[in-house]
Amino acid sequence: MDISQATADRVFEAARTATFRRTNLGLQAEVTDGGHTYYVQAGGEFLACIDGRDGYGGTEYVFVNATAEQDRALRAAIAAQDTK
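From a predicted model like this one, the values you see are computed outputs, not experimental measurements. (Residues numbered from 1 in each chain as written. Predicted model: local features only at pLDDT ≥ 70, side-chain atom pairs only at ≥ 80, totals over all residues. Heavy atoms only, no water.)

Engineer: What exactly am I supposed to notice about the pairing of strand β4 (residues 49-55) here?
Structural biologist: Along a regular strand, successive side chains alternate from one face of the sheet to the other. Of the strand pairs in this sheet, strand β3 (residues 36-42) and β4 are connected by 4 bridges, and their pairing is antiparallel. Residue pairing across strands places Val40 opposite Ile50, the latter belonging to β4. Linking two consecutive strands that pair antiparallel, namely β3 and β4, is a turn of 6 residues; a positive phi of about 65° is found at Gly44 within it. (Pairing = 2+ DSSP bridges. Helix = DSSP H or I, 4+ residues; strand = E, 2+ residues; numbered from the N terminus.)

This is how it looks when you write it as structure tokens:
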């Protein structure tokens, strides 16, 4: 399943204010957009990514990497949350 770049951009933007929790895969947050809940991963050395979503038809596999700029902004927001 593919998602549009506009949707991915909204999800990564919303993830900057989401609460991330530690999992065995690294940091993960859930972001709601357009009736779906997207799973955003931000762990390790790789770029942050959207790795799945839940919605009307159940769970779907989707995968989109953040751009380098989105990744930097997201990690800066996560670091700022950790200092509060």
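Anyway, onward from the coordinates.
Engineer: Please explain the sheet that holds β4 as it appears in this structure.
Structural biologist: In any sheet, the strands associate via hydrogen bonds between backbone groups, in a parallel or an antiparallel arrangement. Read from one edge of the open sheet, 5 strands run β1-β2-β3-β4-β5, paired in antiparallel fashion. Either end of the sheet is taken by a strand with one partner, and the two such strands are β1 (21-23) and β5 (58-65). For this sheet, the mean inter-axis angle between neighbouring strands, taken without regard to orientation, is 30°. Strand direction decides the pairing type here: β1 and strand β2 (residues 26-33), joined by 3 bridges, are antiparallel. Note on β2: the bridge partner recorded for Arg21 is Gln28. (Axes fitted to C-alpha atoms, helices over the stretch in contact; angles between N-to-C directions.)

Engineer: When you look at the environment of Val64 in this model, what are you seeing that I'm missing?
Structural biologist: Mapped onto the secondary structure, Val64 falls in strand β5. A relative accessible area of 15% places Val64 in the buried class. In this structure the C-alpha to C-alpha distance between Val64 and Ser4, which are 60 residues apart in sequence, comes to 9.6 Å. Apart from the residues lying within four places of it in its own chain, the contact partners of Val64 are Ile3, Ala8, Phe12, Ala48, Cys49 and Ile50. (Buried < 20%, exposed > 50% of the residue type's maximum accessible area, 1.4 Å probe, protein only. Contact = heavy atoms within 4.5 Å.)

Engineer: When you look at helix α2 (residues 68-82) in this model, what are you seeing that I'm missing?
Structural biologist: In an α-helix, one turn spans 3.6 residues, which is why side chains three or four residues apart end up on the same side. Taking 1.5 Å per residue, 15 residues should reach 21 Å; α2 reaches 21 Å between its end C-alpha atoms and fits that length. Burial in α2 covers these residues: Gln70, Asp71, Leu74, Ala77 and Ile78. End-on view of α2: buried residues confined to an arc of 130°, all on one side of the axis. α2 presents Glu69 and Arg72 as exposed residues on the side facing more than 90 degrees away from its buried surface. Elements in contact with the buried residues of α2: α1 (5-15), β2 and β3. (Expected span 1.5 Å × (residues − 1). Arc of directions from axis to C-beta.)

Engineer: Help me understand the nonpolar core in this model?
Structural biologist: Membership of the largest hydrophobic core comes to 20 residues, with the highest contact counts inside it found for Ile3, Phe12, Phe20, Val40, Ala42, Ile50 and Leu74. Within the residue set of this core, elements represented by two or more residues are α1, β2, β3, β5 and α2. In terms of residue count, the dominant contributor to this core is α1 (4 residues). The contact partners of Phe12, leaving out residues within four places of it in the chain, are Val40, Ala48, Cys49, Ile50, Val64, Asn65, Ala66 and Gln70. (Core = buried A, V, L, I, M, F, W, Y, C linked by side-chain atoms within 4.5 Å.)

Functional significance is not addressed by these values, which are geometric in nature.
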